[in-house]
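Geometric and topological summary
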Amino acid sequence: MLVTAWVVVGLVAGVSGVFIGYMGLRQARAAVDDCLRRVARQTSEGAGDLKAIRDVAVCRYDALAEMSGRLSFSVAMINGLGDGIVLTSINGTSETRTYVRPVVGGKGQQPLSPEEEQAVRAARLGLGPLVPPRALKGSR
């Protein structure tokens, strides 16, 4: 009976390890694909001034349940080094809140919302100024 329990424990541990490894492989492949797209884009466009804002993307969404029409938005403005800002405007019926968060190396220095992350990622990949909702894999 004790041997059977150990076999079951070993089987569960093995299956869990394979699953965790598979999920890590999927995330690594997505990151490599993103990097390859960025490198291909940078080499095809030439060097230029890496400090100039060149990548812009807008993610529009409904931030509040009371509003519809995707009136809230996040705009990422990034240079060739991955530095820049994300400007976010949350629009409601009675008030509007606007936030600016710095981006360094393609990552927010403060925690970014999923929409802000989507805008930054779209800008880094050069997907154009207007990003359709959920256009990127891995976004919410």
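Here's a quick rundown of the structure.

What the protein contains, in helices and strands, is two helices and six strands. Across the protein, helices and strands are ordered from the amino to the carboxyl terminus as α-β-β-β-β-β-α-β. A sequence separation of at least 24 residues applies to 41% of the contacts in the protein between residues at least 6 apart. Surface exposure of the protein reaches about 9,200 Å², of which carbon and sulfur atoms provide 63%.

Turning to the side chain of Arg124, a few remarks are in order. Along the chain, the position of Arg124 falls in helix α2 (residues 114–125). The side chain of Arg124 sits in the buried core without any salt bridge; Asp55 is the nearest counter-charge, 5.5 Å away. Dropping the residues within four chain positions of it, Arg124 is found in contact with Arg38, Arg41, Ile78, Gly82, Gly105 and Gly106.

A few words on α2. Between its terminal C-alpha atoms α2 stretches 16 Å, which fits the 16 Å expected from 12 residues at 1.5 Å a residue. Along α2, nine of the 12 residues are buried, which leaves the element largely enclosed by surrounding structure. Buried within α2 are the following residues: Glu115, Glu116, Gln118, Ala119, Val120, Ala122, Ala123, Arg124 and Leu125.

A few words on the pattern of salt bridges. Here the structure, examined in full by the defined rule, presents five salt bridges. Linking Arg121 and Asp34 is a salt bridge whose minimum nitrogen-to-oxygen distance equals 3.0 Å. Taken as a pair, Arg121 in helix α2 and Asp34 in helix α1 (residues 2–45) lie far apart in primary sequence, 87 residues in all. Classification of Arg121 by relative accessible area gives partly exposed; the value is 22%. On the basis of relative accessibility, which here comes to 8%, the residue Asp34 falls in the buried class. The partner of Glu95 in a salt bridge is Arg97, with the nearest N and O atoms 3.3 Å apart. Via salt bridges that share partners, Asp34, Arg37 and Arg121 belong to a single interconnected network.

With respect to the secondary-structure elements, Glu116 resides in helix α2. Classification of Glu116 by relative accessible area gives buried; the value is 1%. Not counting residues within four places of it along the chain, the set of residues in contact with Glu116 comprises Ser74, Val86, Thr88, Arg101 and Pro111.

This paragraph deals with the environment of Gln118. With respect to the helices and strands, the residue Gln118 is situated in helix α2. Residue classification places Gln118 among the buried residues on the basis of a relative accessible area of 8%. With 59 residues separating them along the chain, Gln118 and Cys59 place their C-alpha atoms 7.1 Å apart.

It is worth spelling out the nonpolar core at this point. Formed by Ala57, Cys59, Tyr61, Ala76, Ile78, Val86, Val103, Leu112, Ala119, Val120, Ala122 and Ala123, the largest nonpolar core amounts to 12 residues. Those elements that place two or more of their residues in this core are β1 (53–61), β2 (72–79) and α2. Ranked by residues supplied to this core, first place goes to α2 with four residues. Setting aside its immediate chain neighbours within four residues, Val103 contacts Ile78, Gly82, Asp83, Gly84, Ile85, Val86, Gly108 and Val120.

Definitions and cut-offs
- Residue positions are counted from 1 within each chain, in the order its sequence is given.
- pLDDT decides what is reported in this predicted model: residues at 70 or higher carry local features, side-chain atom pairs at 80 or more are listed and counted, and totals for whole chains, interfaces and linings draw on all residues regardless.
- The side-chain figures draw on all heavy atoms in the structure; neither hydrogens nor water molecules are used.
- Put simply, DSSP H or I for four residues or longer makes a helix, DSSP E for two residues or longer makes a strand, and each gets a number counted from the N terminus.
- Whether two residues are in contact is decided by their heavy atoms, any of which lying within 4.5 Å being enough.
- Surface accessibility follows the Shrake-Rupley procedure with a 1.4 Å probe radius. Residue values consider only the protein chains on display as shielding.
- Each residue gets one of three labels from its accessible area relative to the maximum for its type: buried under 20%, exposed over 50%, partly exposed in between, using a 1.4 Å probe on protein chains only.
- In this charge count, Lys and Arg are treated as positive and Asp and Glu as negative; neither His nor the chain ends contribute.
- Here, a salt bridge means any Lys or Arg side-chain nitrogen found within 4 Å of an Asp or Glu carboxyl oxygen.
- Expected helix span is given by 1.5 Å per residue-to-residue step, counting one fewer step than there are residues.
- Throughout, nonpolar core names a set of buried Ala, Val, Leu, Ile, Met, Phe, Trp, Tyr and Cys residues whose side chains join them through atoms within 4.5 Å.

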